[in-house]
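Each chain, written out:
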Amino acid sequence: MNKLLLLGLATLFFTFSATAQEIEESENPVEDEFTRIIEGSNDYQGYKVVDYNDLVKLKQNTANFISNLNNEIVTQKNTIDQQQKEVIQLKNNLESTQDNLKEVTAEKDAITFLGMPFSKGTYMALMWGIVAILILFLLFFIFQFKKGHAQTSEARNNLIATDKEFDEYKAKALVKEQRLGRLLQDERNKASDR
């Protein structure tokens, strides 16, 4: 008897667990209700006899299930519409942010020089161009200075040489004048002696 009781309890346990799994796995309660009504109906002369209350309950459950599905569809549609609006708004915000980023990047990369905006590359090229021109002018003026200095040194050297020649000429002329003056004096003395 204990074996029979244990066997009965085990069978009952497995039946309940299988039924519980079927109830948990089922997503369509209307289909489950139809299955229950068909399985619970009686046979009469080849026909199935269904309890009227079960049919009314099935009708109510079906109406409730359809109503729930419609509500869920409306909720899902509203959620989708709201998400689409949010997506559109986010896209607009993204475009606006990207435009602002482009403007800020352009302003960050731009440098105003003499009231005109320049990109950093153009500004750097302009500055290096100005530096190169200034270096060329500096080299030109250094060359001109050296050339002028060389000419000045040469002119000084020529002046010094000319001064030396003039001093020598003056000394020679003085010596010549003195000699001629003596000769003249000698001739005057001779002439007065006669």
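For the structure, see preceding data.
Residues numbered from 1 in each chain as written. Predicted model: local features only at pLDDT ≥ 70, side-chain atom pairs only at ≥ 80, totals over all residues. Heavy atoms only, no water.

## As for the packing of aromatic side chains
By the definition in use, this model includes two aromatic pairs. Through a chain of ring-to-ring contacts, the aromatic side chains of Phe137, Phe140 and Phe141 assemble into a single cluster. (Phe/Tyr/Trp six-rings, centres within 6.5 Å; stacked < 30°, edge-to-face > 60°.)

## Topic: the pattern of salt bridges
Close approach of charged atoms allows side chains with opposite charge to pair. Throughout the structure, instances matching the rule amount to two salt bridges. A salt bridge links Glu33 to Arg36; the nearest nitrogen and oxygen atoms lie 2.5 Å apart. Residue Glu33 and its partner Arg36 are located together in helix α2 (residues 29-40), separated by three residues, close to a single helical turn. Classification of Glu33 as buried rests on a relative accessible area of 11%. Note that Lys190 is salt-bridged to Glu187, the shortest N-O span being 4.0 Å. With a gap of three residues between them, Lys190 and Glu187 both fall in helix α4 (residues 120-193), about one helical turn apart. (Salt bridge = Lys/Arg side-chain N within 4 Å of Asp/Glu carboxyl O. Helix = DSSP H or I, 4+ residues; strand = E, 2+ residues; numbered from the N terminus. Buried < 20%, exposed > 50% of the residue type's maximum accessible area, 1.4 Å probe, protein only.)

## With respect to a negative patch on the surface
There is a patch of like negative charges on the surface, built from Glu95, Asp99, Glu103 and Glu107. Locating Glu95 in the fold gives a position in helix α3 (residues 52-109). (Patch = residues over 30% accessible without salt bridge, like charges linked within 9 Å, V, L, I, M, F, W, Y side chains within 5 Å. Areas by Shrake-Rupley, 256 points an atom, 1.4 Å probe, with all protein chains shown as cover. Lys, Arg positive; Asp, Glu negative; His and termini not counted. Charge placed at Lys NZ, Arg CZ, Asp CG, Glu CD.)

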